[in-house]
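# Descriptive structure summary
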Amino acid sequence: MFDSLNISASALTAGRLRMDVTSSNIANASTTRGKLVNGVWEPYRRKMVVMEPRENAFNQVLQGEMQKQAGLQSNLQGVRVTGIVDDQTPFKTIYDPTNPDANADGYVKMPNVDLSKEMVDMLAASRAYEANVTSFNTGKSMMLKALELGR
């Protein structure tokens, strides 16, 4: 009965984290000192959220499949975040000899954050979040109506 709410709730949690990571990427789009690697400052590296379907223990999957065969329940479980990984695309370089982080030739490594890509990701995450809020509210509303029918 609560599967639809659990699925929407897991997607809301994952979507919120995705929006937070995207916001962090946008905020650090010009940060040239992100991490110290071998005594040299490396620029901020773009982060990405990795998600996968939720998995259950064997007995839960077996019970779900048995109930699914009987037409009682679906085997959908939602989504979970498995990690936040660094984007390995190369850093951008710009010529700015006055920057304190410039190398001997006057070039500065800039973060591998593309603002247009981040804005598209933020918009997609925001729309997915809105859709899951709507789905959650619809499921909640249907449960309340079912309870009213029982009176």
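To be clear, the structure that these remarks concern was listed above.
Report on the accompanying structure.

Definitions and cut-offs
- Residues numbered from 1 in each chain as written.
- Predicted model: local features only at pLDDT ≥ 70, side-chain atom pairs only at ≥ 80, totals over all residues.
- Heavy atoms only, no water.
- Helix = DSSP H or I, 4+ residues; strand = E, 2+ residues; numbered from the N terminus.
- Expected span 1.5 Å × (residues − 1).
- Buried < 20%, exposed > 50% of the residue type's maximum accessible area, 1.4 Å probe, protein only.
- Contact = heavy atoms within 4.5 Å.
- Salt bridge = Lys/Arg side-chain N within 4 Å of Asp/Glu carboxyl O.
- Patch = residues over 30% accessible without salt bridge, like charges linked within 9 Å, V, L, I, M, F, W, Y side chains within 5 Å.
- Areas by Shrake-Rupley, 256 points an atom, 1.4 Å probe, with all protein chains shown as cover.

## Re helix 1 (residues 3–27)
Between its first and last C-alpha atoms helix 1 spans 36 Å; for 25 residues at 1.5 Å apiece the expected length is 36 Å, and the two agree. Looking at helix 1, one finds that the buried residues are Leu5, Ser8, Ser10, Ala11, Leu12, Ala14, Gly15, Met19, Val21, Thr22 and Asn25. For helix 1, the elements touching its buried residues are strand 3 (47–53), strand 4 (79–86) and helix 3 (115–149).

## Focus: the side chain of Asn25
Position of Asn25 among the secondary structure elements: in helix 1. Residue classification places Asn25 among the buried residues on the basis of a relative accessible area of 1%. For Asn25, the residues in contact, after removing those within four places along its chain, are Tyr44, Arg46, Lys47, Val113 and Glu118.

## Topic: the pattern of salt bridges
Between side chains of opposite charge, pairing is possible as soon as their charged atoms come close. With the rule as written, the count across this model stands at 10 salt bridges. Across the salt bridge formed by Asp86 and Lys35, the nearest N and O atoms sit 4.0 Å from each other. Here Asp86 is found in strand 4, whereas its partner Lys35 is found in strand 1 (residues 35–37), with 51 residues between them in sequence. Among the salt bridges present, the one from Arg46 reaches Asp87, with a minimum N-O distance of 3.2 Å. Of the two residues, Arg46 is situated in the loop between strand 2 (40–42) and strand 3 and Asp87 in the loop between strand 4 and strand 5 (92–95); the sequence distance between them amounts to 41 residues. What you see here is one network of salt bridges that share partners, running through Arg46, Asp87, Glu118 and Asp121.

## Structural notes on a nonpolar patch on the surface
Together, Met48, Val50 and Val85 give the surface a local cluster of nonpolar side chains, amounting to about 190 Å² of exposed area. Tracing the backbone shows Met48 in strand 3.

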